[in-house]
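Tertiary structure, described
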Amino acid sequence: MSPGHVPPVKGERIVPCLTNNTMASEEPKAKKAKISSQEKTDSVAKASPVKLSCNSLFGMGNPLLDICAVVDKDFLDKYTLKPNDQILAEDKHKALFDELVNKFKTEYHAGGATQNSIKIAQWMIQEPHNVGTFFGCIGQDKFGAILKKKAEEAHIDAHYYEQDQEPTGSCAACITGANRSLVANLAAANCYKKEKHLDLEENWKLVERAKVYYIAGFFVTVSLESMLKVAKHASENNKLFCLNLSAPFICQFFKDHLMQLMPYVDVLFGNEMEAAVFAKEQEFETKDIKEIAKKAQALPKVNTKRKRIVVLTQGKDETVMALGDKIETFPVMAIDPKDLVDTNGAGDAFVGGFLSGLVREKPLDQCVKAAHYAANVVIRRSGCTFPEKPDFV
């Protein structure tokens, strides 16, 4: 059975909603994956479109309210921010968020790595709404209320654990010209509790409805036990569990957490910097990204019915995918430098596009094509945002 083909779980009731209605893609033809005749027989997509159910795609992670505003140099200097940087908020940044809202014209978006990918996948799918489910922790405050509204507008079925100990996590995007200085305050996102949310019967039923699961590696710092519960469920029921390396520091300082999850990982995402650190920490003894992908693919796996897929991006350079003993490369879509606005959401968008293909049981080369398209759209805009409809089939 092809890892790119996701059958319903035996006995699972599929509840079709509406069908997708999108326009043709203008993406140049990408290099097709080279597969043997036997693999081709195993991996041919269904001739008829897959009828998607609500809650078919599940994500869990750190929800952040993105607060975007064009600011001046004085504002950056006041909070010692660099024009193009990404940092975690410190005590000296406490007043930044209120000042940003009160002093400048702001835009709000539902953010955070996993939530971004889920909303991109939903955007690519279009209909039915609520194909994507998202779990995370927010505060009982104004930002939390805005985040819930923005998630609803993105047509994702967000079920947040709401607590009053910490405020809703937020990310200030301070824009000066073509630069964005990002200041993230995780706050409530760090407060997710498995026993108070994931374990609740009504919430776990939503988990069980999914057939594809995605969690960014950032969440290992918050609730490894929640990730393991979801990962084991996916493995035991022959569903797809997807993980992202997320950041070099996750690969280095939380490598033990990652390796507890790795036996359950069906699809592993990462970029070239994360892959290099992961390889070093795992003593792969190679810096070649294709070899890293191959070695990561070969790590021990619990569910032997599916071969692990490893997908590594390299910015504007080709994307590398490992499946079994095969390595495939896919050129990214070209973009004129003058059209490049913001690359910060590219990774999240790539994964979202890929997930939109997986959940619809598309062949793997089509998943990569969708991933490249989504990333290409997002880097032309400020933040992880997108037009009303994708120009993609």
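Here is a short report on the structure shown in this document. Just so it is clear, the model here is predicted, and its values are computed rather than measured.

The rules we used
- Residues numbered from 1 in each chain as written.
- Predicted model: local features only at pLDDT ≥ 70, side-chain atom pairs only at ≥ 80, totals over all residues.
- Heavy atoms only, no water.
- Helix = DSSP H or I, 4+ residues; strand = E, 2+ residues; numbered from the N terminus.
- Expected span 1.5 Å × (residues − 1).
- Buried < 20%, exposed > 50% of the residue type's maximum accessible area, 1.4 Å probe, protein only.
- Salt bridge = Lys/Arg side-chain N within 4 Å of Asp/Glu carboxyl O.

It is worth spelling out helix H13 (residues 346-359) at this point. Every α-helical turn comprises 3.6 residues, leaving residues that sit three or four positions apart pointing alike. Compared with the 20 Å implied by 1.5 Å per residue over 14 residues, the 20 Å span of H13 between its first and last C-alpha is a close match. Counting buried positions along H13 gives 13 out of 14 residues, so the element sits mostly inside the fold. Backbone geometry just downstream of H13 places glutamate 361 in the positive-phi region, at approximately 60 degrees.

A few words now on the environment of methionine 259. Within the secondary structure layout, methionine 259 lies in helix H10 (residues 255-261). When the C-alpha atoms of methionine 259 and leucine 299 are compared, they prove to be 9.5 Å apart, with 40 residues separating the residues in sequence.

One pass over the full model with this rule turns up 16 salt bridges. The partner of glutamate 281 in a salt bridge is lysine 255, and the shortest N-O contact between them spans 2.9 Å. Within this pair, whereas glutamate 281 is found in helix H11 (residues 272-281), its partner lysine 255 is found in helix H10, the two being separated by 26 residues in sequence. Ionic pairing is found between aspartate 339 and arginine 380, a salt bridge with its closest N-O pair at 3.7 Å. Of this pair, aspartate 339 sits in the loop between strand S14 (326-330) and H13 while arginine 380 sits in the segment after helix H14 (364-378), and the two are 41 residues apart along the sequence. You can call aspartate 339 partly exposed: its relative accessible area is 29%. Given the relative accessible area of 34%, arginine 380 is considered partly exposed.

That bond from glutamate 127 to proline 128 is cis: its omega, 0 degrees, falls within 30 degrees of zero. Structurally, proline 128 is set in the loop between helix H4 (113-125) and strand S5 (132-139). Of note, glutamine 126 is a non-glycine position whose phi angle comes to about 70 degrees, a positive value. Mapped onto the elements of the fold, glutamine 126 is located in the loop between H4 and S5.

What is shown is where atoms sit, not what they do.
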